[in-house]
Amino acid sequence: MTDRPDIALEQRERCDARLSSPSAGRNKAVIAAALAELLPENAHVLEIASGTGEHALACVTARPDLSWTPSEPDAESRTSVDAWSADAGGRIAPCLACSTTEARWSDGLGPFDALFCANMIHIAPWEAAEGLFRGAAEVIVEGGLVCLYGPFQEGEATAPSNLDFDASLKARDPRWGVRALSDVDALAQGRGFEREARREMPANNLLLVYRKTAP
Ligand SMILES: C[S@@+](CC[C@H](N)C(=O)[O-])C[C@H]1O[C@@H](n2cnc3c(N)ncnc32)[C@H](O)[C@@H]1O
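I will try to describe carefully the structure that is included in this document. Treat the numbers as computed from the prediction; the structure is a model and nothing was measured.

Rules and cut-offs
- Residues numbered from 1 in each chain as written.
- Predicted model: local features only at pLDDT ≥ 70, side-chain atom pairs only at ≥ 80, totals over all residues.
- Heavy atoms only, no water.
- Near = heavy atom within 4 Å.
- Polar contact = N/O pair within 3.5 Å; in protein donor to acceptor, adjacent residues only side chain to side chain.
- Areas by Shrake-Rupley, 256 points an atom, 1.4 Å probe, with all protein chains shown as cover.
- Nonpolar A, V, L, I, M, F, W, Y, C, P; charged D, E, K, R; others polar.
- Phe/Tyr/Trp six-rings, centres within 6.5 Å; stacked < 30°, edge-to-face > 60°.
- Helix = DSSP H or I, 4+ residues; strand = E, 2+ residues; numbered from the N terminus.
- Buried < 20%, exposed > 50% of the residue type's maximum accessible area, 1.4 Å probe, protein only.
- Lys NZ or Arg CZ within 6 Å of the ring centre and 35° of its normal.
- Arc of directions from axis to C-beta.
- Contact = heavy atoms within 4.5 Å.

## Notes on the site of the ligand
Move 1: Near the ligand lie 21 residues; those nearest to it are Ala49, Glu72, Thr100, Ala118 and Asn119.
Move 2: The contact in question runs from an oxygen atom of the ligand to an N or O atom on the side chain of Glu72, over 2.2 Å.
Move 3: In this structure, Thr100 approaches the ligand through a main-chain N or O atom, which is 3.0 Å from a nitrogen atom.
Move 4: Within the complex, 96% of the 590 Å² of free accessible area of the ligand lies under protein.
Move 5: Grouping the constituent residues of the shell around the ligand by class yields 12 nonpolar, six polar and three charged.

## Topic: the packing of aromatic side chains
Aromatic rings in a pair are described by how distant their centres are and how their planes are angled relative to each other.
Move 1: On inspection of all chains with the given rule, the structure shows three aromatic pairs.
Move 2: For the pair Phe133 and Tyr210, a centre-to-centre distance of 5.6 Å together with 85° between the ring planes defines the contact as edge-to-face. Of this pair, Phe133 sits in helix α4 (residues 126-139) while Tyr210 sits in strand β8 (residues 205-212); the two residues are 77 residues apart in sequence, bridging distant segments of the chain. The exposure classification of Phe133 matches that of Tyr210, with both residues buried.
Move 3: Taken together, the aromatic side chains of Phe133, Phe193 and Tyr210 make up a single cluster linked through ring pairs.
Move 4: We note Arg18 situated over the ring of Trp84; from NZ or CZ to the ring centre the distance is 5.1 Å.

## Observations regarding helix α3 (residues 75-85)
Residue pairs three or four apart in sequence face the same way in an α-helix, which turns once every 3.6 residues.
Move 1: Of all the residues in α3, the buried ones are Ser77, Arg78, Ser80, Val81, Trp84 and Ser85. Mapping the buried residues of α3 onto a view down its axis gives an arc of 160°, with all of them on the same face.
Move 2: Looking at the buried residues of α3, the elements they touch are β2 (18-20) and α2 (54-62).

Here is the structure:
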């Protein structure tokens, strides 16, 4: 399903070039509603790991003032993103081929007011999270946002389903795993981002909002 053996994709169904992810179908409305409250007016948003492209379309539908730049390392997924984007009236740019594990993935991009990434940093090596914040520091304007959606570990407060998920991820690839919120906060701080919101989302997911406080 992917031309990149080093990346993992969620379960999907096909309708012409557009792929549908059952999980994106379940969470796209709540994600779009939450981001609609958080993102500044007329924001230029970079999405990392756009997947099928369903989140991009839901977000610009909820907030018609947004300009959205999706990105995906997987070629078939990029085709799907561009197919969904055809319904967005030109407010979603052609999908870029970004992989945050590549050293210079952010070169020539931006500036953006916000970066959004759902469900990627647990199903990729930690270097993908490191690369995400390294690039975000380059392309996000001062005062801009990084918004991460997905499961996280919070010590003893971690949901049992997320502990089970962590074990299943590590069984598939020991470099993967549900990340500790404290580790992500520390990574963000090291790149000049402070967490200012932690929003609980359905199915024991979180929407984390980091603001760039350093130039
Ligand atoms: C579980 S899917 C999530 C897709 C979508 N964001 C969603 O929530 O439906 C993980 C995605 O991360 C992408 N991915 C994996 N490693 C990546 C990396 N280093 N940089 C950017 N995207 C990556 C995969 O291609 C895949 O589309």
